[in-house]
Amino acid sequence: MSQMDATDRQLVMLLQQDSRLPNAQLAERLNISASACWRRVKALEQSGIIRRYAAVVDPKAMGLRFEAMVHVHLTRHDASALASFISAIQSRKEVTECFATTGQADYHLRVLCRDIEAYNAFLESFLFLHPAVNSATTNVILRQIKSDAPITG
């Protein structure tokens, strides 16, 4: 998709608000035909603008009452150590997001656990045992101010 127009942008906003809207309702809200709407959605998917559709789940309702941002400092930055660390992080269900960033920490992890004891087990039996990890700093999340904000262009 070379360029998004105003209708495409509005379509993306509607799908971010409710990805289960039927094509006919999307088309009606956009004031376009159902077939034109379907073609636009397919083009947005094929171009990678729409990566996937998902349900937004409340972690607390799932029994995950402990949430933290963990700032990880690595001891080594060679390719094999980084690949090993990334692979290990991707395999852990507690890590819901991981960002490689500039600044003091090498990686920032969003970690969800049942409770503080489960988080401590995550640290002691996994994170601190990884050979590439030098240290980690934890910021406990007290409350979420903003999340799942629609992406606009």
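Residues numbered from 1 in each chain as written. Predicted model: local features only at pLDDT ≥ 70, side-chain atom pairs only at ≥ 80, totals over all residues. Heavy atoms only, no water.

1. Remarks on the pairing of strand β2 (residues 95-100)
Where a strand is regular, its side chains alternate between the two sheet faces.
So, point 1. Note: β2 against strand β3 (residues 107-113), 5 bridges, orientation antiparallel. Each residue of the ladder has a partner; that of Val95, found in β3, is Val111.
So, point 2. Counted along the chain from β2 to the antiparallel partner β3, the turn is 6 residues long, and its residue Gly103 has a positive phi close to 105 degrees. (Pairing = 2+ DSSP bridges. Helix = DSSP H or I, 4+ residues; strand = E, 2+ residues; numbered from the N terminus.)

2. Describing the packing of helix α2 (residues 23-30) against helix α3 (residues 34-47)
So, point 1. Contact geometry for α2 and α3: axes closest at 8 Å, N-to-C directions at 105 degrees. Judged on the interaxial angle alone, α3 and α2 are roughly perpendicular. Residues Asn23, Leu26, Ala27 and Leu30 of α2 form the contact with α3, whose own contacting residues are Ala34, Cys37 and Trp38.
So, point 2. Split by residue class, the contact of α2 with α3 holds 6 nonpolar, 1 polar and no charged. (Axes fitted to C-alpha atoms, helices over the stretch in contact; angles between N-to-C directions. Parallel < 35°, antiparallel > 145°, perpendicular 65-115°, else oblique. Contact = heavy atoms within 4.5 Å. Nonpolar A, V, L, I, M, F, W, Y, C, P; charged D, E, K, R; others polar.)

3. A few points about the sheet that holds β3
Within a beta sheet, neighbouring strands are joined by backbone hydrogen bonds and run either parallel or antiparallel to one another.
So, point 1. The strand order across the open sheet formed by 4 strands is β2-β3-β1-β4, and the pairing between neighbours is antiparallel. This sheet does not close on itself; its edge strands, each paired only once, are β2 and β4 (133-140). Each neighbouring strand pair of the sheet contributes to a mean axis angle of 20 degrees, computed without reference to strand direction.
So, point 2. Those strands touched by helix α4 (residues 79-90) are β1 (66-74), β2, β3 and β4, and its axis lies near 25 degrees from that of β3.

4. Notes on the packing of helix α1 (residues 6-17) against α3
So, point 1. As a packed pair, α1 and α3 sit with axes 11 Å apart at the nearest point and diverge in direction by 80 degrees. In this view, α1 runs roughly perpendicular relative to α3, as classed from their interaxial angle. The residues of α3 that touch α1, namely those facing Thr7, Asp8, Leu11, Val12 and Leu15, are Cys37, Arg40, Val41 and Leu44.
So, point 2. Partitioned by chemical class, the residues of the contact of α1 with α3 number 6 nonpolar, 1 polar and 2 charged.

5. Description of the state of the cysteines
So, point 1. Considering all chains together, one arrives at 0 disulfides under this definition.
So, point 2. Looking at Cys98, it has no disulfide partner, and the nearest cysteine sulfur is the one in Cys113, 15 Å off.
So, point 3. Residue classification places Cys98 among the partly exposed positions, given a relative accessible area of 34%.
So, point 4. On the accessibility criterion, Cys113 (3% relative accessible area) is buried. (Disulfide = S-S within 2.5 Å. Buried < 20%, exposed > 50% of the residue type's maximum accessible area, 1.4 Å probe, protein only.)

Purely geometric numbers; function is a separate question.
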